[in-house]
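An overview of the molecular structure
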Amino acid sequence: TPASPSPAVVTGGANMMMLLGAQLNAVDDEFARTTGLEPGILITRVLPGTAAAEAGLRAGEIIRAVNGTPVRE
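As the structure is a prediction and not an experimental result, all values here were calculated from the model.

Conventions we followed
Residues numbered from 1 in each chain as written. Predicted model: local features only at pLDDT ≥ 70, side-chain atom pairs only at ≥ 80, totals over all residues. Heavy atoms only, no water. Helix = DSSP H or I, 4+ residues; strand = E, 2+ residues; numbered from the N terminus. Buried < 20%, exposed > 50% of the residue type's maximum accessible area, 1.4 Å probe, protein only. Contact = heavy atoms within 4.5 Å. Areas by Shrake-Rupley, 256 points an atom, 1.4 Å probe, with all protein chains shown as cover. Salt bridge = Lys/Arg side-chain N within 4 Å of Asp/Glu carboxyl O. Pairing = 2+ DSSP bridges.

**Thoughts on the overall build of the protein chain**
Regarding its fold elements, the protein chain presents two helices and seven strands. Across the protein chain, helices and strands are ordered from the amino to the carboxyl terminus as β-β-β-α-β-α-β-β-β. With 73 residues in all, the protein chain has 22% of them scored as buried. In the protein chain, the proportion of contacts linking residues at least 24 apart, taken out of those at least 6 apart, comes to 31%. About 5000 Å² of surface is accessible on the protein chain, with carbon and sulfur atoms providing 55% of the total.

Next comes the structure, spelled out in structure tokens:
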């Protein structure tokens, strides 16, 4: 699906957000225990041609810190 023009940040559900072309979901402690993932921000989708794709983000990666600061939401 081609990327369409959209705002930089679009919120979705309680734990989902679209940011610069990347769909992100918070991985809280309970979900982390259930799935075996580490807590943080799971990248579930990256749209081609977006800032997120150009920055090298890939679906399936987990962001655990930004500039050395741990992130959980």
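Alright, that's what it looks like, and here's the rest.
**Examining the pattern of salt bridges**
The final tally for this structure, using the stated rule, is two salt bridges. Between R72 and D29 there is a salt bridge, with its nearest N and O atoms 2.2 Å apart. Of this pair, R72 sits in the segment after β7 (69–70) while D29 sits in helix α1 (residues 29–35), and the two are 43 residues apart along the sequence. As a salt-bridge pair, R64 and E38 come within 3.4 Å of each other at their nearest N and O atoms. Of this pair, R64 sits in the loop between β5 (62–63) and β6 (65–66) while E38 sits in the loop between α1 and β4 (40–46), and the two are 26 residues apart along the sequence. Exposure remark for R64: the relative accessible area of 45% places this residue in the partly exposed category. Given a relative accessible area of 42%, E38 falls into the partly exposed group.

**Observations concerning unusual backbone geometry**
In this model, L20 sits at a positive phi of 50 degrees, which is unusual for a non-glycine residue. Counting through the fold element by element, L20 comes out in the loop between β2 (16–19) and β3 (22–27). Within the chain, N67 stands out as a residue other than glycine whose phi angle is a positive 50 degrees. With respect to the helices, strands and loops of the structure, N67 is situated in the loop between β6 and β7.

**Remarks on the pairing of β3**
Here four bridges tie β2 to β3, and the two strands are oriented antiparallel to one another. Of the residues in β3, the one forming a bridge with L19 is A22. Counting the residues between successive antiparallel strands, the hairpin from β2 to β3 contains two residues, one of them, L20, with a positive phi of roughly 50 degrees. Both β3 and β4 contribute to a ladder of six bridges, which runs antiparallel. If you follow L24 over to β4, its bridge partner there is I43.

Remember that the coordinates give geometry; whether it matters functionally is a separate question.
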